[in-house]
Structure formats: C-alpha cells, structure tokens
Amino acid sequence: MAATSAPPNGSTIVARSAVLTLTAAQSSHSLALQVARISDHRLIAGPGNVTATLDGHSVPVTARPGGSYVISTRDQSAGAHSLGVVVSHDGIRELLTGTVTLPQQQSVLEMLQGHGMAAWWVLNIVVVLIAVLIISRRRR
C-alpha cells in the first residue's frame, strides 16, 4: 500500500517530525499533499490514513493513486493558512502542522478582464456569425 516517494515538482516541505515529512504542492484550486517516512522515503498511502484542517476547520481529503492526497482550496482566501494533518501509520496517529501560502485565485470576470482583447475579438466574431445566420434565413 505504500509507494516510493517521488516529490512532485513545485512541492515544498510544510512539516517534519522525527518519523515523517509532509510536502505540499499547489495546483488550480487545490493543494496536493504527500506524507513520506524519513527512514526509507516510502509514502503513507491510502484512503483514511490522512485527515486535514485549514485554519482549524476540517477539510475533505481525497486519496489519489500514487500516494498523494488532495484538498480543495476553492473557497479559501489568498495568503498564509495554518495546515494541520493527522497521519495514521504503524498503529499510531501523528499530527503535523505547518503554514501554506495560497495564491490569489481569479474569478471568470477577472480572467476575462486580463484577456480583454481576446475576449473582445471572440465576442465580435460571435456577433458577426449570428448576424450572418439571421440574414441568410431571411433571404430564404
């Protein structure tokens, strides 16, 4: 059930104990966690082995194949957040705590404003195509 640790690109060490290391990597609206044993770098893998809190509030954790866990950060604000992870391994439960910094997440409106010229061209093309369809139907 435990896989060999291969830290993902862009991951940072969030917490460490005498036995375990917790790494986190950010992706779009989520945080990927990996918990590995220090002695042999094997991952703690499988559903139910890890629970997490962000700023003291429990968050759902999804176990992924390969030994990583994912938590959603969709409704979280940008900036530093306290992360607590309880890991069940070798008959014990261990608490790892650290701080993660979440990036500013863009809304659809902000993304369109950032890509304003492209959105403007797409809108213009759509309007022209609708106009062509209306004119071609009237000629029939």
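Procedures and definitions
- Residues numbered from 1 in each chain as written.
- Predicted model: local features only at pLDDT ≥ 70, side-chain atom pairs only at ≥ 80, totals over all residues.
- Heavy atoms only, no water.
- Pairing = 2+ DSSP bridges.
- Helix = DSSP H or I, 4+ residues; strand = E, 2+ residues; numbered from the N terminus.
- Axes fitted to C-alpha atoms, helices over the stretch in contact; angles between N-to-C directions.
- Core = buried A, V, L, I, M, F, W, Y, C linked by side-chain atoms within 4.5 Å.
- Buried < 20%, exposed > 50% of the residue type's maximum accessible area, 1.4 Å probe, protein only.
- Contact = heavy atoms within 4.5 Å.
- Polar contact = N/O pair within 3.5 Å; in protein donor to acceptor, adjacent residues only side chain to side chain.

Read across the sheet, 4 strands follow the order S5-S4-S8-S9 without closing on themselves; strand pairing throughout is antiparallel. Across the chains shown, the open sheet's two edge strands, defined by having one partner strand only, are strand S5 (57-59) and strand S9 (92-102). Across the sheet, the mean angle separating the axes of adjacent strands is 30 degrees when strand polarity is ignored.

To continue, consider the nonpolar core. Ranked by size, the top nonpolar core spans 20 residues in total, and within it Leu22, Leu33, Val35, Leu83, Val85 and Val87 carry the most contacts. For this core, the secondary-structure elements that each account for two or more residues are strand S1 (12-16), strand S2 (20-27), strand S3 (30-37), strand S4 (50-54), strand S7 (68-72), strand S8 (79-89) and S9. For leucine 22, the residues in contact, after removing those within four places along its chain, are Thr12, Ile13, Val14, Ala15, Leu33, Gln34, Val35, Leu83, Val85 and Leu96.

Inspection of the secondary structure puts arginine 37 in strand S3. At 3.3 Å, the side chain of arginine 37 forms a polar contact with the side chain of aspartate 90.

Take the pairing of S8 next. In this sheet, S8 lies alongside S4 in antiparallel orientation, the contact comprising 5 bridges. Residue pairing across strands places threonine 53 opposite glycine 84, the latter belonging to S8. Both S8 and S9 contribute to a ladder of 11 bridges, which runs antiparallel. Residue pairing for S9: valine 85 is matched across the bridge by leucine 96. Hairpin connection, S8 to S9: the antiparallel pair is bridged by 2 residues, and aspartate 90 has positive phi, about 50 degrees.

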